Amino acid sequence: MKNLIEGFLKFQNEAFPQRTELFKHLATTQQPGTLFITCSDSRVVPELLTQQEPGELFVIRNAGNIVPSYSPHPGGVSATVEYAVAVLGVTDIVICGHSDCGAMTAIAQCKCMDHLPAVSGWLQHAESAKVVNEARPHANDAAKLSAMVRENVIAQLANIQTHPSVRLAQEKGLLNLHGWVYDIEHGTVAAYDDTQREFVSIEERYAALIDASAKAAATA
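Notes on the structure follow.

Conventions and cut-offs
- Residues numbered from 1 in each chain as written.
- Predicted model: local features only at pLDDT ≥ 70, side-chain atom pairs only at ≥ 80, totals over all residues.
- Heavy atoms only, no water.
- Buried < 20%, exposed > 50% of the residue type's maximum accessible area, 1.4 Å probe, protein only.
- Helix = DSSP H or I, 4+ residues; strand = E, 2+ residues; numbered from the N terminus.
- Pairing = 2+ DSSP bridges.
- Axes fitted to C-alpha atoms, helices over the stretch in contact; angles between N-to-C directions.
- Parallel < 35°, antiparallel > 145°, perpendicular 65-115°, else oblique.
- Left-handed = near helix turned anticlockwise from the far one by under 90°.
- Contact = heavy atoms within 4.5 Å.
- Nonpolar A, V, L, I, M, F, W, Y, C, P; charged D, E, K, R; others polar.

Counted residue by residue, strand S5 (residues 188-193) has five buried out of six residues, so it is predominantly covered. In the sheet, strand S4 (residues 176-183) pairs with S5 via four bridges, with the strands oriented antiparallel. Residue Trp180 lies in a different strand from S5, and its bridge partner there is Ala191. Of the strand pairs in this sheet, S5 and strand S6 (residues 198-201) are connected by four bridges, and their pairing is antiparallel. Considered in S6, the bridge of Tyr192 is made with Phe199. From the end of S5 to the start of S6, which pair antiparallel, there are four residues, and Arg197 there has a positive phi angle of about 60 degrees.

Have a look at this one:
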């Protein structure tokens, strides 16, 4: 707790005064453009990874960056997705997995989790990714885990499209979905290209967007 308290006091005395106008604006409203769904892993920090300020990301974090399929009994993830899309009107949703994911390691290595019934039950939402990954050959355990992380992102992209708010927004052309995998050691992101059906560098996946931004900056 000592580190947390000291950190807050530093925020209060140094960081907050530098953003007084921003926090004054955010005191009564928020307009995030993106819903960022990622793992609870302490090494993954969405705002740091994407260099976003407070108010710019709406974030869901849980073990394995999982989005359960829509059901008659929605939980916290479903409620948050619905609020982000139907109320806040986010235009993009990113589902971001990461290297060395503990949840995906447990699945890929078929670890017994009888002593963790809540975790075991939660990871059932990644079962489709496990089935696909198990059916494919892998050079070694590291390659199997890497593939599992990616398959899980693809599976969660499919799951989130079962949510009515997401489907309606997509049909109206108001919402785009993105699948990312963050490499902690190298500081890189691979993004899913649904045309090629594979993960490519973020520079390749968003080449047109990056080029357009560069041109706009050059003419500004």
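More follows now that the structure is in view.
A few words on the packing of helix H7 (residues 127-134) against helix H8 (residues 141-160). In contact at an axis separation of 8 Å, H7 and H8 are set at 135 degrees when each is read in the N-to-C sense. Accordingly, the angle class assigned to the pair H7 and H8 is oblique. Once H7 is placed against H8, the crossing between them reads as right-handed. Along its contact with H7, which presents Ser128, Ala129, Lys130, Val132, Asn133 and Glu134, the element H8 presents Lys144, Ala147, Met148, Glu151, Asn152 and Ala155. In terms of residue class, the contact of H7 with H8 is made up of five nonpolar, three polar and four charged.

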